[in-house]
Amino acid sequence: MSDTKNPYTQDNGSAEELSLSDDRRVKTLSPGMLVVKRFFRNRLAVVGLVMLAAMFLFSFVGGMISPYGQDEQFYTYTYLEKEYVGVTQNEDFRYVSAEGQEFGSAAQAQFLMAQMTGKTEFEYKDVAYEVEQAGTDFYVVSSAGAPLAIAYKDIVNASDGIDDLAFEVKLEALRLYTNGEAGAFSAGGQDYEVDEGGNIIQGEEVLGYISRFVVQSKVNGVSISRDFKERLEEELANDVSEFTYTGADGEEHNYTVTYDASAKIWSVMQETETYVYNQYSNPSSEHPLGTDTNGMDMLTRLMYGGRVSLIIGFIVVIIETVLGVIMGGLSGYFGGWVDNLIMRIVDVFYCIPSMPLIIILGAAMDGMRVDPQVRMLYLMLILGVLGWPAIARLVRGQILSLREQEFMTATEACGIRISRRIFKHLIPNVIPQLIVTCTMSLGSVMLTEATLSFLGLGVKFPFASWGNIINDVNNSYVLTTYWFIWIPAGICLLIAVLGFNFVGDGLRDAFDPRMKR
Amino acid sequence: MRNYIIKRILLSILILFCVTFIIYAVLRCLPASYVETMAMQLSAAPGAKPYDEWIAQLNASYGLDKGIIAGWLTWLQDFATGHFGDSWKFTVPVIEKFNDVIWLSFVMGAIALVLELLIAIPLGIIAATKQYSRADYAITAGALIGISLPPFFFATLLKLVFAVKLQWFDVSGLVGRNFAQLDSLGQFMDKANHLFLPIVTLVITSIGALMRYTRTNMLEVLNADYIRTARAKGLSESKVIYKHAFRNTLIPLVTIIGGSLPGLFTGALITETLFSIPGMGWTSYQAMVIGDIPFSMFYMTFIAVLTLLSNLLTDIVYAVVDPRVRIA
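Below is a short write-up of the structure. Please read all numbers here as calculations on a predicted model, not as lab measurements. (Residues numbered from 1 in each chain as written. Chains lettered and ligands numbered in written order. Predicted model: local features only at pLDDT ≥ 70, side-chain atom pairs only at ≥ 80, totals over all residues. Heavy atoms only, no water.)

1. What about the overall build of chain B?
- Helices and strands together make up the secondary structure of chain B, namely 13 helices and zero strands.
- By residue count, 46% of the 328 residues in chain B fall in the buried class.
- Considering only residue pairs separated by 6 or more positions, chain B has 71% of its internal contacts joining residues 24 or more positions apart.
- Accessible surface computed for chain B: about 16,400 Å², of which carbon and sulfur atoms make up 65%.
- Within chain B, one finds 24 positive and 20 negative side-chain charges whose respective centroids are separated by 15 Å. (Helix = DSSP H or I, 4+ residues; strand = E, 2+ residues; numbered from the N terminus. Buried < 20%, exposed > 50% of the residue type's maximum accessible area, 1.4 Å probe, protein only. Contact = heavy atoms within 4.5 Å. Areas by Shrake-Rupley, 256 points an atom, 1.4 Å probe, with all protein chains shown as cover. Lys, Arg positive; Asp, Glu negative; His and termini not counted. Charge placed at Lys NZ, Arg CZ, Asp CG, Glu CD.)

Below, the structure is given as structure tokens:
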């Protein structure tokens, strides 16, 4: 050990050969060192050790250096298309009557009949009406020479913030517009102007506009600006299916237009940017394993999940071992009725179907809405209490043979008290088998915990465990599309459990050279 | 021998009493949410009795109004006289539901067990006879990987590869969409097709333990004096291994096979649930998750009885096949 080049020379480096009977030629190794040496000769065990070390580093150190928190959620902007406005082209006559005049629906029907048959006059309730076609789809109905009402398809809208326009203004404006003309007109003693776009202008002020399109807002509390309507009409006239518009507030949105031919409705969808959880985002430099269903960083969840899985494994095994060693030790040392009683308890525990029981308890905790943290404690207790009988049996079996040996007679002769005899002289002799069993059961406890968490009955959100991360595959879309959600967690679990099993196997062979390998 | 068996049976019955009492106590201590939900539903019906009366009646009919010990004794009496109750979840007698689903699980489990034995024993023997060889390393590592594979992860992986990507099998269920139109051979093939992935999952995840057990036992046998004698008298290696060693290896296997017998009837909970195979495992999972006390109680007692029976059977068979074992 001191000199690796030539173990047969003296420590002081002199080249003098040692005699064959010299003690220094014999390398002595303590039993512990022998075990270590045998362990490291086993390739599988070393691989297992490396795997475990990697998983521990990943879980415990990784969580510390990860820039994100365990339940830190990430958001992203996505574009959502929402129906913004619906546009219809007016195909029906609208009617406006002059102030103080009546032009009811019955009279309107009479007018329609006259208009369809091309008559220029009709009679209703002993009143004679004259119909004059003053422009395209624009009729003036008058009685006794005075205009009484107008019927039109091009709608006159008042500008935002302006009361409805007077009858005369509408009449004169439409008279010009429906004939395709633009120019000045006067009505009610004031001068107005109508331009080619259908705007009704007085001086500098735009009072209203004429348009055949009816624009309805589909979003609550949003009124559609005149500017947008104009733009929209322009785009509709050009048969455009997509356009971009910058609103008065300076925000630019994309709009898409679809036309429903049967209902004669254009519906305009607005693309809005929405702030949402960054769900199932693909692996990127920011999130090397993407994000999960809650928009949390997968790699970080995996690290914290590893912590939870490993810690649960250790605590459960510690509970099992403490209980098992105490019960097994008592049973083996005292024998007789104590042994009988404890072994019957062990039999009972062996007979309890543990998986169904844990599932029922898990479902009950679901029903009682137990806090996730408390729940984790319960889970560890349940697994530990259900797991001790195997260790008790092992310890008892070993102690039964050990207590007949001479050194035990010696302890008795020395008058050492019983608890000391059991825990100081008997138990240490069981430690090798105990270590092996504990290592192996660490793996199986982690599997059980993962299975329960996978079923949604173990570790619960917001805590991560490798099992409940894989739980996401219950959604078949995740199963097929988002491999990065569940495959890494499964591989981590496999590596950790495999590591424990390899190491346990290697330890067994190292402790017990009779068992080969 | 007879005395031993009688003693064991009596002991088993005592253990069974304890186990059922523990299970009953645990189930009784849970919030009886199912009964409350049912009472709520029943009282919501037009012209129905008020909730309080319904819940009292339901509790009385399920024996939930008595103390735990009295309730357990009532349950025990019903159980002993063959009244197993009606499942709350499936609203049929528990025994009827059991009869419906148990055989599927049994067939699945039996096929898986036979396959396991056929694969694991030869591989275990090869590993032991060629100890330290590459084959031995591969088999040992393979066995440990099998033990370490989380069944739910492995099953999901199989689903992804063979059902989703390659589309050789359906993702879940026992029968395909056009099952009703198939002739009897076609129906059989359809079911076989659907059971393929679950059985593969079962075999792979439980083969490891058997393989290691075989290897360890074989190694022990190969070190025995009578094997050295067999070699010393000049027998061929194959004769030594397959005639002298192999037979002795089979004896300890009785234990592990006996131990896996209850599993045939109790179903594979995870595998069946993942593949939606309507066997014992999935059915019991559904019942247990909603707190179906009659079903869960019967299911767990059933497992306990099977476990005790298989232990007893294993010990007896062991004594029969191994003349070195004497039981008093």
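2. Looking at a nonpolar patch on the surface
Residues and elements named next belong to chain A.
- A surface patch of nonpolar side chains, about 560 Å² in accessible area, is lined by I311, F314, I315, I318, V322, I326 and F423.
- Of the residues forming the nonpolar patch, the biggest block, six residues, is contributed by helix 6 (residues 298–334).
- Residue placement: I315 occurs in helix 6.
- Of the residues examined, I315 reaches a relative accessible area of 33% and is grouped as partly exposed. (Patch = residues over 30% accessible without salt bridge, like charges linked within 9 Å, V, L, I, M, F, W, Y side chains within 5 Å. Salt bridge = Lys/Arg side-chain N within 4 Å of Asp/Glu carboxyl O.)

3. Here we look at the interface of chain A and chain B
- Counting residues at the interface gives 42 residues for chain A and 48 residues for chain B.
- Both sides of the chain A and chain B interface together cover about 4,100 Å² of buried area, and 82% of this is carbon and sulfur.
- Between the two partners, chain A and chain B, sit one salt bridge.
- D505 of chain A is paired through a salt bridge with R212 of chain B; the nearest N and O atoms lie 2.8 Å apart.
- Our count for the contact surface shared by chain A and chain B stands at two residue pairs in polar contact (both at pLDDT 80 or more). (Buried area = accessible area lost by both parts, 1.4 Å probe. Polar contact = N/O pair within 3.5 Å; in protein donor to acceptor, adjacent residues only side chain to side chain.)

4. Here's the deal with the packing of aromatic side chains
- Per the counting criterion, the structure on display carries 33 aromatic pairs over all chains.
- Between F98 of chain B and F295 of chain B the ring centres are 5.4 Å apart and the planes differ by 45°, which places this aromatic pair in the tilted class. With F98 of chain B in helix 5 (residues 94–129) and F295 of chain B in helix 13 (residues 293–321), this residue pair connects regions lying 197 residues apart in the sequence. Both residues of the pair, F98 of chain B and F295 of chain B, count as buried.
- Taken together, the ring pairs in this structure connect W75, F79, F84, F90, F98, F295, F298, Y299 and F302 of chain B into an aromatic cluster.
- Here R43 of chain A stacks its cationic end above the ring of Y137 of chain B, 5.0 Å away from the centre of that ring.
- Sitting over the face of the ring of F90 of chain B, K97 of chain B holds its NZ or CZ atom 4.4 Å from the ring centroid. (Phe/Tyr/Trp six-rings, centres within 6.5 Å; stacked < 30°, edge-to-face > 60°. Lys NZ or Arg CZ within 6 Å of the ring centre and 35° of its normal.)

5. Concerning the nonpolar core
- Membership of the largest hydrophobic core comes to 158 residues, with the highest contact counts inside it found for W466 and W486 of chain A together with F98 and F152 of chain B.
- Judged by nonpolar contacts, the second largest core, of 22 residues, contains L174, A187, V194 and I200 of chain A. (Core = buried A, V, L, I, M, F, W, Y, C linked by side-chain atoms within 4.5 Å.)

6. A few points about the pattern of salt bridges
All names here are of chain A.
- Applying the stated rule across the entire model yields 12 salt bridges over all chains.
- With a shortest N-O distance of 2.9 Å, D366 and R375 are connected by a salt bridge.
- Linked by salt bridges that have partners in common, R344, D347 and R393 make up one network.

7. Quick notes on the packing of helix 5 of chain B against helix 10 (residues 237–266) of chain B
All names here are of chain B.
- The contact between helix 5 and helix 10 brings their axes to 11 Å, and the two run at 150°. Relative to helix 10, the element helix 5 lies roughly antiparallel. The element helix 5 and its partner helix 10 pack so that their crossing is right-handed. Packed against helix 5, whose contacting residues are I102, S105, F106, G109, A110, L113, L117, I121, I125 and T129, the element helix 10 presents I241, F246, L253, I257, S260, L264 and F265 at the interface.
- The residue makeup of the contact of helix 5 with helix 10, split by class, is 13 nonpolar, four polar and no charged. (Axes fitted to C-alpha atoms, helices over the stretch in contact; angles between N-to-C directions. Parallel < 35°, antiparallel > 145°, perpendicular 65-115°, else oblique. Left-handed = near helix turned anticlockwise from the far one by under 90°. Nonpolar A, V, L, I, M, F, W, Y, C, P; charged D, E, K, R; others polar.)

8. A word on the sheet that holds strand 10 (residues 199–202) of chain A
Residues and elements named next belong to chain A.
- With antiparallel pairing, five strands are arranged side by side in an open sheet as 7-11-10-9-8. Of all the strands in the sheet, the pair left with one neighbour each is strand 7 (155–158) and strand 8 (183–187). Looking at each pair of strands side by side, their axes are set apart by 30° on average, direction ignored.
- Two strands pair when backbone bridges link them, and strand 7 and strand 11 (residues 205–211) are joined in this way by four bridges, in the antiparallel orientation. The partner of A158 across the bridge, within strand 11, is G208. (Pairing = 2+ DSSP bridges.)

9. Looking at the side chain of R421 of chain A
- With respect to the secondary-structure elements, R421 of chain A resides in helix 11 (residues 418–454).
- Those residues within four positions of R421 of chain A in sequence are excluded, and the remaining contacts are Y333, M408, T411, E412, I416 and L426 of chain A.

10. Some details on the packing of helix 2 (residues 43–65) of chain A against helix 14 (residues 483–511) of chain A
All names here are of chain A.
- One way to put it is that helix 2 packs onto helix 14 with a least axis distance of 7 Å and a crossing angle of 140°. As the angle between them shows, helix 2 and helix 14 are arranged oblique. In the packing of helix 2 onto helix 14, the handedness of the crossing is left-handed. When helix 2 is examined against helix 14, the residues L44, A45, V47, G48, L49, M51, L52, M55, F56 and F58 are found in contact with a partner set consisting of C492, I495, A496, L498, G499, F500, F502, V503 and G506.
- Here the contact of helix 2 with helix 14 is composed, by residue class, of 16 nonpolar, three polar and no charged.

11. Observations concerning the sheet that holds strand 5 (residues 138–143) of chain A
Residues and elements named next belong to chain A.
- Taken together, five strands build an open sheet; the order of strands is 2-6-5-4-3 and the sheet is antiparallel. The sheet is open, and its two borders are formed by strand 2 (94–97) and strand 3 (121–124), each paired with just one other strand. Direction aside, the axes of adjacent strands within the sheet are offset by 30° on average.
- Where strand 2 lies against strand 6 (residues 146–152), four bridges are found, and the strand directions are antiparallel. Residue pairing across strands places S97 opposite A149, the latter belonging to strand 6.
- Sheet strands in contact with helix 4 (residues 167–177) are strand 2, strand 4 (127–135), strand 5 and strand 6, and its direction is about 60° off that of strand 6.

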